[in-house]
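Here is how the chains run, residue by residue.
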Amino acid sequence: MNNQKIIEVKDLCYKYLTSRRLDGGFSSYKEVLKGINFSVGRGEKLSIIGPNGAGKSTLMLNIAGLMDGKYRTGEIFIYGKKLNEKNIYDIREKIGFVFQDPNDQLFSIKVFDDVSFGLINYLNKKKDRRAKNRQYIEEIVRISLRKVNLGNIEEEIPHFLSFGEKKLVTLATVLSYDPEVLILDEPSSNLDPRNRTNFIKLIKDMDKTIIIATHDLDLAYELSDRCIILNEGEVIFDGDSKKILNDRDFLKNNSLDLPLCLRKTST
């Protein structure tokens, strides 16, 4: 990792509309993010953890430009460019986002179509002739699926895959167009032990800037040297993962627990 800042978040606040008056009167909002500040360097692998409702997914969706900007204050910079309505589509080309629920991301009748969709769109936007090269597209789809330990399922129907398999397919859809930044929301949920181990190795070996929101504290401990802990929409810790994930009292006070790998050695 070098010192180049790939992502900068400055005084980010975000609120949800919870009710609207039909007569145009006062509407109610819930503030989900409260003055978030941090930056991510090139090649850094950062975990964002926190209890349910802490604001992890909202933060990730905002960084990826997938939330309504009218409810946001503060600034987000990607490669030095301020995220706004004018450049949002160019910025998204650099970011691969994997949703917490793969059913939000898979929509085709074949795995091949889902994995190739983003790649073909990316190539078309770049006016790259390979977008119409069936042999090239097929090869990239196969490579992307093999990376996530799913081979020979190109013709299968995504709807009938297990939840864990769907998670891996959504990761393959992102890997197909090789984005510079990966944002992964709960990527290890519902993965069996073998696929979880393969996933961790895959992410560790990637020379990319990666942000992961997760309840899997063992994943955060293994994968990232740095973590951010959110609670009630605020950053309450930003620093060394190994240090904070060994602090039982701090974690308990924030509705978290020690990673399983540490509980065995601390009893």
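The structure displayed is predicted, hence computed values, not measured ones.

## A closer look at the pattern of salt bridges
- Scanning the entire structure with this criterion turns up 17 salt bridges.
- Notably, a salt bridge pairs Glu75 with Lys82, separated by 3.3 Å at the nearest N-O pair.
- You can call Glu75 partly exposed: its relative accessible area is 28%.
- On the accessibility criterion, Lys82 (37% relative accessible area) is partly exposed.
- One salt bridge in this structure joins Lys208 and Asp178, with 2.6 Å as the shortest N-O distance. Highlighted residues: Lys208 in the loop between helix H6 (193–205) and strand S8 (209–213) and Asp178 in the loop between helix H5 (163–175) and strand S7 (181–185), separated in sequence by 30 residues.
- Residues joined by salt bridges that share partners form a network here, namely Asp90, Glu93, Lys125 and Lys126.

## Let's talk about the packing of helix H3 (residues 111–125) against H5
- Where H3 meets H5, the axes come as close as 6 Å, and the angle between the chain directions of the two elements is 35°. The handedness of the crossing between H3 and H5 comes out as right-handed. Contact with H3, carried on its side by Val111, Asp114 and Val115, involves Val169, Ala172 and Thr173 of H5 and no other residues of that element.
- Counted by class, the contact of H3 with H5 contains four nonpolar, one polar and one charged residues.

## Thoughts on the sheet that holds strand S1 (residues 5–19)
- Sheet architecture is open: four strands sit in the order S2-S1-S4-S5, paired in antiparallel fashion. Both outer strands of the open sheet, strand S2 (28–41) and strand S5 (81–82), are each paired with one neighbouring strand and no more.
- Sheet topology places S1 next to S2; 10 bridges connect them, and they run antiparallel. If you follow Lys15 over to S2, its bridge partner there is Glu31.

Rules behind the numbers
- Residues numbered from 1 in each chain as written.
- Predicted model: local features only at pLDDT ≥ 70, side-chain atom pairs only at ≥ 80, totals over all residues.
- Heavy atoms only, no water.
- Salt bridge = Lys/Arg side-chain N within 4 Å of Asp/Glu carboxyl O.
- Buried < 20%, exposed > 50% of the residue type's maximum accessible area, 1.4 Å probe, protein only.
- Helix = DSSP H or I, 4+ residues; strand = E, 2+ residues; numbered from the N terminus.
- Axes fitted to C-alpha atoms, helices over the stretch in contact; angles between N-to-C directions.
- Left-handed = near helix turned anticlockwise from the far one by under 90°.
- Contact = heavy atoms within 4.5 Å.
- Nonpolar A, V, L, I, M, F, W, Y, C, P; charged D, E, K, R; others polar.
- Pairing = 2+ DSSP bridges.

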